[in-house]
Amino acid sequence: MKWEDLQTPCYIIHKKELERGIALLKQALADNWKRSIVGYSFKTNALPWALLEMKKAGFYAEVVSEDEYELAERLGFSHIIYNGPIKGRASFLRALQSGAIVNLDAERELDWLEESGLRDVTVGLRVNFDLETVCPGETSAGTEGSRFGFSYEKGAFARALTRLDQMGVPLSGIHLHVGSKTRSVAIYRGLAQMACRLKKEYDLELAYVDLGGGYFGGMDNKPKFPDYMKAIREELSTAFSPEKVTLIVEPGTSLITPPVEYVTEVADCKETYANNIVTIDGSRIDVDPLHRKSSYFHSIVYGHDTPEDARRKAKKQVICGLTCMEDDRLFTLENAPELMPGDRIVFHKVGGYTMCLTPLFIRYFPPVYAEEDGVYTCARGHWGAREYTMGSMIGGDAVYWEEQKKKEHAQK
Ligand SMILES: Cc1ncc(COP(=O)(O)O)c(C=O)c1O
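Definitions and limits used
Residues numbered from 1 in each chain as written. Predicted model: local features only at pLDDT ≥ 70, side-chain atom pairs only at ≥ 80, totals over all residues. Heavy atoms only, no water. Axes fitted to C-alpha atoms, helices over the stretch in contact; angles between N-to-C directions. Helix = DSSP H or I, 4+ residues; strand = E, 2+ residues; numbered from the N terminus. Parallel < 35°, antiparallel > 145°, perpendicular 65-115°, else oblique. Contact = heavy atoms within 4.5 Å. Nonpolar A, V, L, I, M, F, W, Y, C, P; charged D, E, K, R; others polar. Salt bridge = Lys/Arg side-chain N within 4 Å of Asp/Glu carboxyl O. Buried < 20%, exposed > 50% of the residue type's maximum accessible area, 1.4 Å probe, protein only. Polar contact = N/O pair within 3.5 Å; in protein donor to acceptor, adjacent residues only side chain to side chain. Domains from an automatic or database assignment. Buried area = accessible area lost by both parts, 1.4 Å probe.

Draft legend 1. Structural context of the packing of helix H5 (residues 107-116) against helix H6 (residues 156-167). In the contact formed by H5 and H6, the axes pass within 11 Å of each other and the chain directions differ by 0°. Compared by their axis directions, H5 and H6 come out roughly parallel. Residues Glu107, Leu110, Asp111, Leu113 and Glu114 of H5 form the contact with H6, whose participating residues are Ala160, Arg163, Leu164 and Met167. Grouping the amino acids of the contact of H5 with H6 by side-chain chemistry returns five nonpolar, no polar and four charged.

What follows is the structure, given as structure tokens:
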């Protein structure tokens, strides 16, 4: 399939670019820390095609729910990191039994562990602490503080250590992911410093330190993997040996955002009393599902029939999406050649927190193509009414659909 033949709207994953990101991360880790594990963050984009690429790269699955845990199992991941505050009890026990790395997030998981009677397990504790004071204005939760993990300041972390000790379960690691607005290198210095402080204060003998995700990747003028890993080494090596302790990182967006594009086509152009409205066949919900972005990396491919330089310039054109929401507006073009139906608008770097957050709203899931050396293969077909109803027939609605089928049969 050629680019011109792609059904729009669609996502494209550029395989070589994905591989470049993976190689850069691996090299940065190898250059800075002898023992390391990469856990790809499923939540960021759990398209099975992408997950299998991550598995091929030797990455662990980093999952945060019963469904994600089952997805990792289904796709044949033999190495799993189980995080998050809402682990399912059944998968929690399976994870412990199968040797997965389980980072405990709350008291009830200590109860489950105690009740399980399992002792030969790999568990870590997620640490809740005040990183905002170290990096003012940078953390996602700000002065409200994170809601995850065992509080260092309130003594919950120390109590969890005591409980594990009483159970006879050794603590294998600590988990310090903290979401940030800035993705700055300083955040990782702060996390690594905290890991060192905990080791010294509680005399911890750890097999791993997990610093989570939240890195930039593939962005000009932003930190790169080597910048983060160098800073982590500088801090972490003051208390941990790179030969003995495993550094775990859990990247999501830094790997999957850069290689993904969203291709749309201009469907209609009209003039209103206020504006020139250009409606595309894609939607803001596919590139900015949380409606947080104020600008988009994009490019325009003008149709061949009327070349770009043969067009009149329009003072202002408002690019709007396919849904019936008034705010499905993406950006405004000023003093640019007039767009026409059939022109394409391509949005770049849209692989993270997009596909996984796209709602089943008005138009169902767009297809996804994988591109390698100019050849496009379908990584996920378009979900139309057929796929939507098939999905609904699984589970709760199965009884309803069976009855419908019987009724139709009886009428024949
Ligand atoms: C525990 C944990 N690890 C990894 C990630 C991935 O973060 P990112 O996609 O920003 O790299 C997240 C994101 O929220 C997370 O909560």
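Draft legend 2. Just the pattern of salt bridges, in detail. Tallied over the entire structure, the rule returns 22 salt bridges. With a shortest N-O distance of 3.0 Å, Glu387 and Arg386 are connected by a salt bridge. What makes Glu387 partly exposed here is its relative accessible area of 23%. Taking the relative accessible area as the measure of exposure, Arg386 reaches 55% and is therefore exposed. The network of salt bridges with shared partners includes Glu107, Asp111, Glu114 and Arg163.

Draft legend 3. Broad picture of the side chain of Thr139. Inspection of the secondary structure assignment puts Thr139 in the loop between strand E6 (122-128) and strand E7 (150-151). When its relative accessible area of 4% is taken as the criterion, Thr139 is described as buried. A polar contact of 2.4 Å, which involves the side chain of Thr139, links it to the side chain of Glu132. A distance of 3.1 Å separates a polar atom in the side chain of Thr139 from the backbone nitrogen of Gly142.

Draft legend 4. Quick peek at the domain arrangement of the chain. What the domain assignment reports for the chain is domain 1 (3-9 + 258-387) and domain 2 (15-256). Once you take the C-alpha centre of each, domain 1 and domain 2 turn out to be 35 Å apart. Taken together, the contact between domain 1 and domain 2 spans 17 residues of the former and 16 residues of the latter. It is Pro258, Pro259 and Tyr353 in domain 1 that bury the most area against domain 2; as a group they hold 37% of the surface buried on that side. In this structure, the connection of domain 1 to domain 2 is made through two salt bridges. Among the salt bridges present, the one from Lys16 reaches Asp373, with a minimum N-O distance of 2.9 Å. The interface formed by domain 1 and domain 2 contains five residue pairs in polar contact (both at pLDDT 80 or more).

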